[in-house]
Amino acid sequence: MDNKKTEQKIPLIRPFMPSMEEYMEEISSLWTTRSLTNMGQKHRQLEEALKEYLGAANLQLFANGHGALECVLSAFQLKGEVITTPFTFASTIHAIVRCGLTPVFCDIRPDDFTLDAEKVERYITKKTAAILPVHVYGMACDVAAMEKIQKTYGLKVIYDAAHAFGVKVRGRGIASYGDASMFSFHATKLYHTVEGGAAAFQDETLAKPLTALKDFGLTGPETVDLTGCNSKLDEFRSAMGICNLRHIEEILKERQTAGMVYDKRLSGHPRIQILPQQQDVTRNYAYYPIVLKESAISRDQLQQKLMEHGVLTRKYFYPLCCDFPCYQAEYGQSDVPIARAVSDHVLCLPLFFGITEGEIHRVCDLIETWV
Ligand SMILES: *Cc1c(COP(=O)(O)O)cnc(C)c1O
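What you see is a predicted model, and the numbers here were worked out from it, not measured in a lab.

## A look at the domain arrangement of the chain
Line of reasoning, step 1. For the chain, the assigned domains read domain 1 (20–246) and domain 2 (248–370).
Line of reasoning, step 2. Computed over C-alpha atoms only, the centres of domain 1 and domain 2 are separated by 24 Å.
Line of reasoning, step 3. Opposite the 42 residues of domain 1 that make contact, domain 2 presents 37 residues.
Line of reasoning, step 4. Along the contact surface separating domain 1 from domain 2 lie zero salt bridges.
Line of reasoning, step 5. Scanning the region where domain 1 abuts domain 2 turns up 14 residue pairs in polar contact (both at pLDDT 80 or more).
Line of reasoning, step 6. Those elements that place two or more of their residues in the side of domain 1 that touches domain 2 are helix H5 (90–98), strand E3 (102–105), strand E6 (168–169) and helix H9 (235–246).
Line of reasoning, step 7. In terms of residue count, the dominant contributor to the side of domain 1 that touches domain 2 is H5 (four residues).
Line of reasoning, step 8. Tallied by class, the residues present in the side of domain 1 that touches domain 2 amount to 25 nonpolar, eight polar and nine charged.

## With respect to the layout of surface pockets
Line of reasoning, step 1. The computed volume of the largest pocket comes to approximately 450 Å³.
Line of reasoning, step 2. Looking at the largest pocket, it is lined by 24 residues, and the ones nearest its centre are Phe89, Ser184, His186, Thr188 and Lys189.
Line of reasoning, step 3. Listed by contribution, the elements that provide at least two residues to the lining of the largest pocket are helix H4 (65–75), H5 and strand E8 (180–184).
Line of reasoning, step 4. For the lining of the largest pocket, the class distribution of residues is nine nonpolar, 11 polar and four charged.
Line of reasoning, step 5. In terms of domain composition, the lining of the largest pocket takes at least three residues from each of domain 1 (20–246) and domain 2 (248–370).
Line of reasoning, step 6. Roughly 210 Å³ of internal volume is contained in the second largest pocket.
Line of reasoning, step 7. Among the elements of the structure, H4 and helix H8 (207–213) are those that each provide at least two residues to the lining of the second largest pocket.
Line of reasoning, step 8. Tallied by class, residues from the lining of the second largest pocket come to eight nonpolar, three polar and no charged.

So, how was this worked out
- Along each chain, the written sequence defines residue order, and numbers are assigned to residues from 1.
- Local features in a predicted model are, by the rule used here, given only for residues with pLDDT of at least 70; side-chain atom pairs are given and counted only at 80 or more, and totals for whole chains, interfaces and linings are based on all residues.
- The basis for every side-chain value is the complete set of non-hydrogen atoms in the structure, without hydrogens or water.
- Just so you know, the domain bounds were taken from an automatic or database domain assignment.
- In what follows, residue pairs with any heavy atoms lying within 4.5 Å of each other are defined as contacts.
- A pairing counts as a salt bridge when a side-chain nitrogen of Lys or Arg comes within 4 Å of a carboxyl oxygen of Asp or Glu.
- For this analysis, a polar contact is any N or O atom pair within 3.5 Å, provided that within protein one partner can donate a hydrogen and the other can accept it, and provided that sequence-adjacent residues contribute only side-chain to side-chain pairs.
- Counting from the N terminus, the helices are DSSP H or I runs at least four residues long and the strands are E runs at least two residues long.
- By the convention adopted, Pro, Cys, Tyr, Trp, Phe, Met, Ile, Leu, Val and Ala count as nonpolar, Lys, Arg, Asp and Glu as charged, and the other residues, Gly among them, as polar.
- A 1.4 Å probe that fits into a set of points on a 1 Å grid over the protein atoms alone but cannot get out defines a cavity; an open set with protein on both sides within 12 Å along at least five of seven lines defines a pocket, and lining residues are those with an atom within 4 Å of a point.
- Grid points are joined across faces, edges and corners, and a volume is the space filled by probe spheres set on the points.

Rendered as structure tokens:
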């Protein structure tokens, strides 16, 4: 095609940013206070605001979502196995393994791609310490079923809620479900602090070990009680978080509007599966994945063709975590046929604050010429 070169590129993701003036204003006091990190004033302000916004009983900020997840697993002092999904970002599984725990891979549901609670029960043994479901793409896990498992078997339920910022289930913030939830505020996420993350948790006695764990295990100037790491969110990033939180309603609204344009174009397509509208769930349109059914073109070919036309996409999540070279020998045989099928046919389409309706129609027009 000759007009290829004149086509505007459409990125997969483009981070939201407050105006430079707004950010400058927010950080200007740091030149006076010289308090740049270690849980300063901006940090405390953002922590309080996010706790409220996410509906968390308790909440702590971290330098990134991964650090939050490792510290939560560590604070619970778990031993043994953690039942989880292979259909997630590497971070989820790395956190389990790096905390000395053993992942057990369970399959996902075919409609919303979250951990299948019915199948989870098959893997529960004396060794099971926790369940770690992922609200993948902002789809809410079956929180009621997970809660039942938690109560019946006395297990911890820890959610990877990296994608679920702003999601509500039955009017309640997603952070209020389970024993704990991890959020990621990485620049590619819908709400961000450049890098950053948070742990929401029910049991307030976790506050002390979590505070220590993200700060080298220090519990006093001369006391090191725990084998901690360094995962503190600094004041500049906290300031970015404060600014971005002022715009969160606008950010969510734009994504919902854009997501609904995709929905309208792609729903009912005989060879494309899109995410469902879950009952009693406020959706955040964190990602827009499509799963190709039997079709004239493969997922990889479609990705290639879109790229040739300037449209960037990603295979979130391919390969499955159990197939990573670092895990394959031990976990490659996991019985996860649905996760495998989805992973082989999924493609995430461009969706970000500022994407235009015209751009979405262009993406859909291109898809429809080949699928
Ligand atoms: C982004 C992400 C993480 C890691 O978060 P960081 O803030 O980048 O450390 C973990 N799990 C999932 C599902 C993610 O998408």
